[in-house]
Amino acid sequence: MFIRHLLSKSFLGNPRILQLHSVMEKPCVLATTFGAPGAIYQCFAPVIEKHFTVIPHEEFVNNKHHFAHKISAVFVWGGALKVDRNLLQILPNLKVVVNGGVGVDHLDIPLINSFGIKVCNTPHVVDNATADIGMALMLATARNLIYGHNYSASHETEEWDLPESSMGTDVSGATLGIIGMGRIGYKVAKRASSFEMKILYHNRNRRKEEDEKAVGAVYCEKMDELLQKSDFVMVVVNLSPDTQKLIGWRELSMMKPLGTLINISRGPVVDQEALVHALQSGVIRAAALDVTYPEPLPRSHPLLTLPNVIVLPHMGSHTVGTSQLMVERMVTNALAALSGDQPTDEVKA
Ligand SMILES: O=C(O)[C@H](O)CO
């Protein structure tokens, strides 16, 4: 039996010695170690290391020849690790690319499949947390929460003197238009229905009547109708060639002047230049974005300086519980693919 002692770095780059791994017993997984996933690694490395020898990407880059033939799975979170032809060509034993999260727009699935390699994602487990961030963004922008916090923190006199502009807009009773009524969109609708909102939705396919009834959602066959009638427009579609710049100047111009755009899908679904223009010229009231392009935005980007915008660093699924479920699901999918079983969450081109 070949026992290999792998000296490695921690997921966050702090030197430490990984446990002894038998590469014969544990398959090797290549994984990113920077950006937002850093926190996920820090918390859940043991879940992965129980089954895999983890080769952090930085380590792989420095010693490709040593690791390349051992790697049978790649774990990615977003586009931080580019799974391109160059990488695929040097990993002869790669069987599966597993994405943490549901969106796989950063992966070239036909290319990966053409190497005989499966692609998996982690649907379902991110739905609640992502719907929650949509609601959180809607409430935060409607009620000027960021302004309120900054006001409290910087206030120096004995009495508060809130300006008229700090007055929020009501959520209860308002109309929410949901563009993209898949699993996450529907979870948003459930939440919004408890907030006594009127709900419109636009989707490629109309939901079943009982689904609509359960949340009081009204289908708009034409997205334009939803844009014209909604106080809050929330974008929850997948990014695809069809949804690239789905919301541009034309669509923003159709929204109510007191309307707010919330994007929890992918940055490129919204034409950012058009959005900046719409926000600067008062075509819409505000925007609240979990996603942008690029991510992160350059610090000088107008979206980061406008007072009527909230920008988050793509935190939709970023909770302890959801991250743990994602990592567990990534491991389960990878193990299934490596043992020749059908992974539950294989994504096909
Ligand atoms: O795709 C997803 O599930 C979230 O955006 C996290 O990346």
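Basis of the calculations
Residues numbered from 1 in each chain as written. Predicted model: local features only at pLDDT ≥ 70, side-chain atom pairs only at ≥ 80, totals over all residues. Heavy atoms only, no water. Helix = DSSP H or I, 4+ residues; strand = E, 2+ residues; numbered from the N terminus. Rg over C-alpha atoms; globule rule 2.2 N^0.38 Å. Contact = heavy atoms within 4.5 Å. Areas by Shrake-Rupley, 256 points an atom, 1.4 Å probe, with all protein chains shown as cover. Lys, Arg positive; Asp, Glu negative; His and termini not counted. Charge placed at Lys NZ, Arg CZ, Asp CG, Glu CD. UniProt positions renumbered as here; feature names shortened; annotations may be inferred. Phe/Tyr/Trp six-rings, centres within 6.5 Å; stacked < 30°, edge-to-face > 60°. Buried < 20%, exposed > 50% of the residue type's maximum accessible area, 1.4 Å probe, protein only. Near = heavy atom within 4 Å. Polar contact = N/O pair within 3.5 Å; in protein donor to acceptor, adjacent residues only side chain to side chain. Nonpolar A, V, L, I, M, F, W, Y, C, P; charged D, E, K, R; others polar. Pairing = 2+ DSSP bridges. Axes fitted to C-alpha atoms, helices over the stretch in contact; angles between N-to-C directions. Parallel < 35°, antiparallel > 145°, perpendicular 65-115°, else oblique. Left-handed = near helix turned anticlockwise from the far one by under 90°. Core = buried A, V, L, I, M, F, W, Y, C linked by side-chain atoms within 4.5 Å.

Quick word on the overall build of the protein chain
Right, on to step 1. Looking only at helices and strands, the protein chain has 13 helices and 14 strands in total.
Right, on to step 2. Taking 2.2 N^0.38 as the reference for a compact globule, 349 residues should give roughly 20 Å; the C-alpha atoms of the protein chain span a radius of gyration of 23 Å, in line with that estimate.
Right, on to step 3. In terms of its C-alpha atoms, the protein chain occupies a principal-axis envelope of roughly 70 × 55 × 35 Å.
Right, on to step 4. Of all intrachain contacts in the protein chain linking residues separated by at least 6 positions in sequence, the fraction that spans at least 24 positions is 64%.
Right, on to step 5. About 17500 Å² of surface is accessible on the protein chain, with carbon and sulfur atoms providing 54% of the total.
Right, on to step 6. Distance from the positive charge centre (32 side chains) to the negative charge centre (34 side chains) of the protein chain: 8 Å.

Topic: the UniProt feature "domain: D-isomer specific 2-hydroxyacid dehydrogenase catalytic" (unreviewed entry) in the protein chain
Right, on to step 1. Under the UniProt annotation, the feature "domain: D-isomer specific 2-hydroxyacid dehydrogenase catalytic" (unreviewed entry) is placed at residues 65-347.
Right, on to step 2. In residues 65-347, helix accounts for 35% and strand for 14%; the two terminal C-alpha atoms are 30 Å from one another.

Quick word on the UniProt feature "domain: D-isomer specific 2-hydroxyacid dehydrogenase NAD-binding" (unreviewed entry) in the protein chain
Right, on to step 1. Residues given the UniProt feature "domain: D-isomer specific 2-hydroxyacid dehydrogenase NAD-binding" (unreviewed entry) here are residues 135-316.
Right, on to step 2. As annotated, residues 135-316 has a helix share of 32% and a strand share of 15%, and its two end C-alpha atoms lie 11 Å apart.

Observations regarding the packing of aromatic side chains
Two aromatic rings are characterised by how far apart their centres lie and by the angle between their planes.
Right, on to step 1. Counted according to the given criterion, the structure contains four aromatic pairs.
Right, on to step 2. Taking the centre distance of 5.7 Å and the plane angle of 70° together, the rings of F52 and F75 count as edge-to-face. Taken together, the residues span a long stretch of sequence, with F52 in the loop between helix 1 (37-49) and strand 4 (53-56) and F75 in strand 5 (residues 71-76) at a distance of 23 residues.
Right, on to step 3. Taking the relative accessible area as the measure of exposure, F52 reaches 0% and is therefore buried.
Right, on to step 4. By relative accessible area, which is 0% here, F75 ends up buried.

Brief notes about the site of the ligand
Right, on to step 1. In the vicinity of the ligand, the contacting residues are G101, V102, G103, V126, R266, H314 and S317.
Right, on to step 2. In the model, an oxygen atom of the ligand is placed 2.8 Å from a nitrogen or oxygen of the R266 side chain.
Right, on to step 3. H314 is positioned with one of its side-chain polar atoms (N or O) 2.7 Å from an oxygen atom of the ligand.
Right, on to step 4. Within the complex, the protein chains bury 85% of what would otherwise be the 230 Å² of accessible surface of the ligand.
Right, on to step 5. Residues that form the shell around the ligand fall into these classes: two nonpolar, four polar and one charged.

A look at the sheet that holds strand 14 (residues 309-311)
Right, on to step 1. Overall, parallel pairing links the seven strands, which are arranged 10-9-8-11-12-13-14 in an open sheet. In this open sheet, the two strands that pair with only one neighbour each are strand 10 (217-219) and strand 14. In this sheet, adjacent strand axes meet at a mean angle of 20° when their direction is disregarded.
Right, on to step 2. Looking at chain direction, strand 11 (residues 232-235) and strand 12 (residues 260-263) are connected through four bridges and run parallel. Counted as the bridge partner of M234 is I262 from strand 12.
Right, on to step 3. Sitting on the sheet, helix 12 (residues 272-280) touches strand 12, strand 13 (286-289) and strand 14, and the angle it makes with strand 13 is about 140°.

Here we look at the packing of helix 6 (residues 127-142) against helix 8 (residues 183-194)
Right, on to step 1. Close contact between helix 6 and helix 8 brings their axes to 8 Å; oriented N to C, the two are set at 55°. With respect to each other, helix 6 and helix 8 are oriented oblique. Crossing geometry of helix 6 relative to helix 8 is assigned as right-handed. Every residue of helix 8 that contacts helix 6 at D127, N128, T130, A131, D132 and M135 is listed here: R183, I184, K187, V188, R191 and A192.
Right, on to step 2. For the contact of helix 6 with helix 8, the class distribution of residues is five nonpolar, two polar and five charged.

Focus: the pairing of strand 4
Right, on to step 1. Where burial is concerned, the two faces of strand 4 agree: the one with T53 and I55 and the one with V54 and P56 are both buried.
Right, on to step 2. Of the strand pairs in this sheet, strand 3 (residues 28-31) and strand 4 are connected by four bridges, and their pairing is parallel. Its bridge partner being in strand 4, V29 is matched across the sheet by V54.

Comments concerning the side chain of T141
Right, on to step 1. Take T141: it is sitting in helix 6.
Right, on to step 2. Discounting residues that sit within four places of it in the chain, T141 has contacts with T260, R285, A286, A288 and I310.

Structural notes on the nonpolar core
Right, on to step 1. Among the nonpolar cores identified, the biggest contains 33 residues, and M138, L176, I178, F232 and I264 are the most heavily contacted of them.
Right, on to step 2. Contributing elements (two or more residues each) for this core: helix 6, strand 8 (175-179), helix 8, strand 9 (198-202), strand 10 and strand 11.
Right, on to step 3. Take this core: its biggest share by element is seven residues, from helix 6.
Right, on to step 4. Apart from residues no more than four positions distant in its own chain, I264 is found in contact with T130, I133, G134, L137, I184, V188, M234, V235, V236, D290 and V291.

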